[in-house]
Amino acid sequence: MHAFYSVNPIGELYIPEECREAVFARGSVKLFTNQELEQLSRIFTHIQRGGVAIVEGEWEQIISVTDYVNRHKRELSTTGSERDRKGKSRHQRSTPKQNREAAISKLMCWADKDGSLQVSPTPELPYLLELIGEPPNVNEDCPFLVPVVTIQSIQSALEETYPIDALGVSLVASKNVLAPRSQETVACFQEAMQSLESYDLPNRPVIADVGCGSGCLTLLAHQEFGENAVIYASDILPEAIATTRINVQNLLPLSKNHKAENIHVLPAGDLFEPFTTQQFDVVIFNAPWVVARVRNRSELAIHDEKQQTLRRFFEQVPNYLKPDGRILLGYADASGPKAISNLETIIAESGFTCSNISKRRVATHRSKRKWEHIQVFVLCK
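Only a predicted model underlies this, so the values are computations on that prediction, with no experimental measurement involved.

The amide bond that connects N8 to the next residue, P9, takes the cis arrangement and shows omega of 0°. In this fold, P9 is placed in the loop between β1 (4–7) and β2 (11–14). Cis geometry marks the peptide bond from S120 to P121; its omega dihedral reads -5°. Counting through the fold element by element, P121 comes out in the loop between β6 (119–120) and α6 (128–131). Backbone geometry places N137, a non-glycine residue, at a positive phi of 70°.

Have a look at this one:
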């Protein structure tokens with residue numbers, strides 16, 4: 001499927017993956033601006049007939065259009081979806097609710113090539129392309145589309161803050177990014193980092209935060225290892241990369257080029273993919289601890305089917321760890337003793353030994369298991 005689409009009078013637009021099915025369907029794509037935003041029923045009818053409505057203008061008016069569409073969502077046409085249902089099995093067919101949600105997402109805004117939404121006042125959403133789950137520069141200097149519901153979801157997520165006792169600050173977490181709610185996890189990592197004081201780290205240690213999420217552990221490493229440490233952070237999700245950048249820039253003094261001088265937030269990639277050939281004194285990895293299938297992007301940080309991500313991490317980490325380096329591995333026994341036993345086997349078979357463990361017992365909301373243990377292992381060869 002194509003990634004670019006021309007719309008008058010905007011011109012060539014990059015279409016994010018989540019929008020492509022809607023844009024390249026048979027319905028037309030129309031731009032509604034200024035006074036046209038007051039024509040609520042006209043915009044709704046366009047969407048009802050399978051079209052995509054791009055709205056530009058006052059944000060307050062765009063929200064009025066969104067509210068109108070939501071109030072009338074049960075009237076949204078399913079003609080197109082009925083056509084799509086033909087030849088599909090019962091399990092492949094979309095439900096009426098899914099069809100309505102897909103129709104509502106056809107109300108979109110557009111941003112210029114630099115990510116500024118063409119609405120007034122312009123929302124403060126840095127790294128917008130990454131916040132919607134796309135790699136930076138993938139738009140090739142073209143404007144791009146964003147569903148209004150996606151903008152609202154990101155804004156809602158970024159409005160909530162999470163206090164981190166160990167840092168003495170609060171962080172944000174965007175859509176799909178694991179929020180740093182667990183004070184116990186952060187405390188375990190802080191203890192593990194402090195335990196390395198007895199280990200003869202270089203004066204300028206090089207540290208990797210693999211799967212940085214909100215950037216909480218990146219900032220903790222900056223605090224515990226000091227400004228001489230060189231810290232690299234990455235994550236599989238572009239929206240996590242954007243969140244880490246936002247938190248780092250909000251909390252640390254910046255240099256003239258608007259970057260924290262000793263923290264390098266790399267592009268998104270799987271495990272060590274973004275780190276090229278760099279070798280590290282310390283590798284931090286808060287591994288996904290629920291042994292289950294990943295059903296959506298937000299579960300990538302916590303779900304690990306058959307512990308495959310954990311296994312791949314230990315297959316790759318020897319290539320990126322200095323001979324006398326340390327791994328700080330976070331894990332929980334949420335999936336029971338078998339998962340912990342498998343973890344211990346993977347560690348041993350990879351040639352690592354545990355020199356220290358930081359633990360916390362935390363209450364769960366499950367009836368069959370009221371407690372679980374969060375652990376951070378300090379591993380070395």
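Read from one edge to the other, the open sheet built from seven strands follows the order β12-β11-β10-β13-β14-β16-β15, with strand pairing classed as mixed. Because the sheet does not close on itself, it has two edges, and the strands there are β12 (263–265) and β15 (353–363). Shown here is a sheet whose adjacent strand axes are inclined to one another by a mean of 15°, direction ignored. Pairing geometry for strand β10 (residues 206–210) and strand β11 (residues 230–234), over five bridges, is parallel. Looking across to β11, one finds that D209 is bridged to A233.

So, about the pattern of salt bridges. Pairing is possible between side chains of opposite charge, provided their charged atoms come close. Enumeration over the complete set of coordinates arrives at eight salt bridges. Across the pair K113 and D114 runs a salt bridge, and its minimum N-O distance is 3.5 Å. In this structure K113 comes out as partly exposed when scored by relative accessible area, which is 41%. One salt bridge in this structure joins R312 and D270, with 2.6 Å as the shortest N-O distance. Of this pair, R312 sits in helix α11 (residues 308–316) while D270 sits in the loop between β12 and β13 (280–286), and the two are 42 residues apart along the sequence. Its relative accessible area of 27% is what places R312 among the partly exposed residues. Given a relative accessible area of 26%, D270 falls into the partly exposed group.

Within the sequence span of helix α2 (residues 40–48), burial applies to I43, F44, H46 and I47. For α2, the arc enclosing every buried residue in end-on projection is 155°, short of the 170-degree limit, so these residues lie on one face. Positioned one or two residues after α2, G50 has a phi angle of 100°, which is positive.

Moving on, we get to the packing of aromatic side chains. The final tally for this structure, using the stated rule, is eleven aromatic pairs. Taken together, the ring pairs in this structure connect Y232, F272, F275, F280, F285, F313, F314, Y320 and F352 into an aromatic cluster. We note R326 situated over the ring of Y199; from NZ or CZ to the ring centre the distance is 4.1 Å. For R361, the ring lying beneath its charged end belongs to W371, and the centroid distance is 3.8 Å.

Attention now goes to the environment of N342. With respect to the helices and strands, N342 occurs in helix α12 (residues 337–349). Exposure remark for N342: the relative accessible area of 26% places this residue in the partly exposed category. Between the alpha carbons of N342 and Q307 there is a distance of 8.4 Å; along the sequence they are 35 residues apart.

This next bit is on the environment of R326. Mapped onto the secondary structure, R326 falls in strand β14 (residues 321–332). Exposure remark for R326: the relative accessible area of 18% places this residue in the buried category. Linking R326 and L201, residues 125 residues apart in sequence, is a C-alpha distance of 9.8 Å. Not counting residues up to four positions away in its chain, the partners in contact with R326 are L196, Y199, D281, V282, V283, L321, V378, L379 and C380. Polar contacts involving the side chain of R326 include one to the main-chain carbonyl oxygen of D324, which spans 3.0 Å.

Along the chain, T243 turns up in helix α10 (residues 238–251). Of the residues examined, T243 reaches a relative accessible area of 0% and is grouped as buried. At 3.4 Å, the side chain of T243 forms a polar contact with the backbone nitrogen of S174. Filtering out sequence-adjacent residues up to four positions away, T243 remains in contact with L131, V172, A173, S174, V177, G213 and S214.

This part takes up the packing of α2 against helix α3 (residues 59–71). At a minimum axis distance of 10 Å, the contact between α2 and α3 shows a crossing angle of 55°. Classified by the angle their axes make, α2 and α3 are oblique. Crossing of α2 over α3 shows right-handed handedness. For the pair α2 and α3, the contacting residues are L40, S41, I43, F44 and I47 in the first and Q61, S64, V65, Y68 and V69 in the second. Residue classes in the contact of α2 with α3 are distributed as seven nonpolar, three polar and no charged.

This part is about the nonpolar core. In terms of nonpolar packing, the biggest core is built from 36 residues, with L196, L220, F225, I284 and L328 touching the most fellow members. Breaking this core down by element, the ones donating at least two residues are α8 (183–195), α9 (216–225), β11, α10, β12, β13, β14 and β16 (371–380). Broken down by element, this core gets its largest block of residues, six residues, from α9. Excluding its chain neighbours within four sequence positions, the residues that come into contact with F225 are M193, L196, L201 and I207. A103, C109, V119 and V146 belong to the second largest nonpolar core, which has 35 residues in total.

Cut-off values and rules
- Residues numbered from 1 in each chain as written.
- Predicted model: local features only at pLDDT ≥ 70, side-chain atom pairs only at ≥ 80, totals over all residues.
- Heavy atoms only, no water.
- Helix = DSSP H or I, 4+ residues; strand = E, 2+ residues; numbered from the N terminus.
- Pairing = 2+ DSSP bridges.
- Axes fitted to C-alpha atoms, helices over the stretch in contact; angles between N-to-C directions.
- Salt bridge = Lys/Arg side-chain N within 4 Å of Asp/Glu carboxyl O.
- Buried < 20%, exposed > 50% of the residue type's maximum accessible area, 1.4 Å probe, protein only.
- Arc of directions from axis to C-beta.
- Phe/Tyr/Trp six-rings, centres within 6.5 Å; stacked < 30°, edge-to-face > 60°.
- Lys NZ or Arg CZ within 6 Å of the ring centre and 35° of its normal.
- Contact = heavy atoms within 4.5 Å.
- Polar contact = N/O pair within 3.5 Å; in protein donor to acceptor, adjacent residues only side chain to side chain.
- Parallel < 35°, antiparallel > 145°, perpendicular 65-115°, else oblique.
- Left-handed = near helix turned anticlockwise from the far one by under 90°.
- Nonpolar A, V, L, I, M, F, W, Y, C, P; charged D, E, K, R; others polar.
- Core = buried A, V, L, I, M, F, W, Y, C linked by side-chain atoms within 4.5 Å.

That is the geometry; function is a separate question.
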